[in-house]
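# Report on the structure
Okay, here's what each chain looks like letter by letter:
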Amino acid sequence: MLYGASIVGDGPTGPTGPTGPGAGDTGPTGPTGPSGYGATGVTGPTGPSGTGPTGPTGTSGASVTGPTGPSGLAGVSGSTGPTGPTGSTGPTGAVGVTGPTGPSGTGATGPSGASVTGPTGPTGLAGVTGSTGSTGPTGSTGTTGESGALVMKGAWSAIVSYSINDCVFHGGSSYVSIVDSNLNHEPSGTDAYWQLMGSIGGTGPTGPTGTSGASVTGPTGPSGVAGDTGPTGPTGPSGYGATGVTGPTGPSGAGATGPTGPAGPTGTSVASVTGPTGPSGVAGSTGPT
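Here the residue index of a chain counts from 1 through its sequence in written order. Local features are withheld for residues below a pLDDT of 70 in this predicted model, meaning they are given only at 70 or higher, and side-chain atom pairs are given and counted only at 80 or more; totals for whole chains, interfaces and linings count all residues. Hydrogen atoms and water are omitted, and side-chain values are computed over all heavy atoms in the structure.

In this section: the overall build of the protein. Within the protein, the regular secondary structure consists of zero helices and six strands. Sequence-ordered secondary structure for the protein, helices as α and strands as β, is β-β-β-β-β-β. Burial analysis of the protein (289 residues in total) assigns 12% to the buried set. Considering only contacts within the protein whose residues lie at least 6 apart along the sequence, 59% involve residues at least 24 apart. The helix count covers DSSP runs of H or I at least four residues long, the strand count covers runs of E at least two residues long, and both are numbered beginning at the N terminus. Three labels apply to residues, based on accessible area from a 1.4 Å probe with only protein chains included: buried if under 20% of the type maximum, exposed if over 50%, partly exposed otherwise in between. Working rule for contacts: check all heavy atoms of both residues, and any pair within 4.5 Å makes them a contact.

What follows is the structure in structure tokens.
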């Protein structure tokens with residue numbers, strides 16, 4: 001809104017009046033006009049190649065090797081290939097020739113030791129019977145015994161009860177019991193139980209040595225010491241024959257190695273299985289002893 005402008009005629013424009021206080025209110029926004037883009041133009045022809053001429057080769061830079069990178073992770077172990085087929089059995093070796101029997105190695109038996117029997121000692125001569133000793137002095141007359149027959153009882157015994165007129169022998173003399181119930185009283189001839197009847201005579205002198213008796217073969221003496229054992233004979237040659245020829249070695253029984261399997265995931269370790277070894281050829285027979 002303009003203040004002070006004439007609304008009558010077209011007079012000269014007066015000076016611009018001072019700006020009124022405050023800005024006027026903003027009018028409402030007009031409607032949006034149509035799109036200002038035109039239709040797309042036709043594509044122009046391709047221009048000539050814009051690659052310029054190759055520039056001169058630059059000088060080689062210093063060769064600098066970078067540090068080695070860390071090792072990559074180990075690849076997964078492939079599974080073990082299948083076991084190869086078993087090798088064929090080698091042919092049996094020829095039997096060795098039997099060696100000749102060696103001579104007996106027993107040495108000769110040593111001679112037996114001489115049997116020595118000691119001589120039998122001679123039998124001594126029988127001695128001459130000694131002369132009868134002289135008669136002893138007559139004993140004093142004993143008291144008259146009671147009448148009755150004497151009863152011989154043999155050798156005196158301490159466990160026998162003797163009666164009157166029982167006679168015994170003791171210590172080479174003879175005695176008669178003079179009491180009844182005579183038990184365990186050793187006769188001596190001076191006691192109140194026994195009366196000496198007859199005493200042994202004194203020992204006669206030793207008779208002279210008798211003449212030699214007849215020759216009597218005594219018992220066989222002990223066996224003599226055995227003679228020494230004879231020396232052992234030399235050892236005979238070995239009785240073993242020559243060792244038989246060793247049979248040829250059979251072909252190796254290990255099967256061909258199977259192809260390596262593809263790399264698979266890591267699994268349980270499986271022991272490598274080698275095909276069985278073919279049997280060895282038969283050894284030649286050992287010669288007899």
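The criterion is simple. A nonpolar core is a set of buried Ala, Val, Leu, Ile, Met, Phe, Trp, Tyr and Cys residues joined through side-chain atoms within 4.5 Å. Of all hydrophobic cores here, the largest spans five residues; its members are Trp156, Tyr162, Val168, Tyr175 and Trp194. If we ignore the near neighbours within four places in the chain, the residues touching Trp156 are Tyr162, Val168, Phe169, His170, Asn184, His185, Glu186, Pro187 and Trp194.

Every residue gets a pLDDT, meaning the predictor's confidence in that residue, from 0 to 100. Scored by pLDDT, the protein comes out at a mean of 72, with 55% of its residues at no less than 70. Predicted confidence is poor over residues 1–8, with pLDDT under 50, and the contacts of this stretch with residues over four places away or in other chains come to zero contacts.

In space, the four strands of this open sheet follow the order β1-β3-β4-β6, with mixed pairing throughout. A single partner strand is all that each edge strand has here, and the edge strands are β1 (151–155) and β6 (194–198). Across this sheet, the average inter-strand angle for adjacent strands is 30°, counted without regard to direction. Two strands pair if DSSP finds at least two bridges between them. Alignment of strand β3 (residues 166–170) against strand β4 (residues 173–177), held across four bridges, turns out to be antiparallel. Its bridge partner being in β4, Phe169 is matched across the sheet by Ser174. Fitted lines through C-alpha atoms give the axes, limited to the stretch in contact for helices. The angle between two N-to-C directions lies from 0 to 180 degrees.

Stacked, tilted and edge-to-face pairs are distinguished by plane angle, under 30 degrees for stacked and over 60 for edge-to-face with tilted covering the rest, among Phe, Tyr and Trp rings (Trp via its six-membered ring) whose centres lie within 6.5 Å. Scanning the entire structure with this criterion turns up one aromatic pair. Considering the side-chain rings of Tyr162 and Trp194, the 5.3 Å spacing of their centres and the 70° angle between planes classify their relative orientation as edge-to-face. A residue pair is termed long-range when its members are at least 10 positions apart, and Tyr162 in strand β2 (residues 161–162) and Trp194 in strand β6 qualify at 32 residues. Here Tyr162 matches Trp194 in class, with each residue buried.

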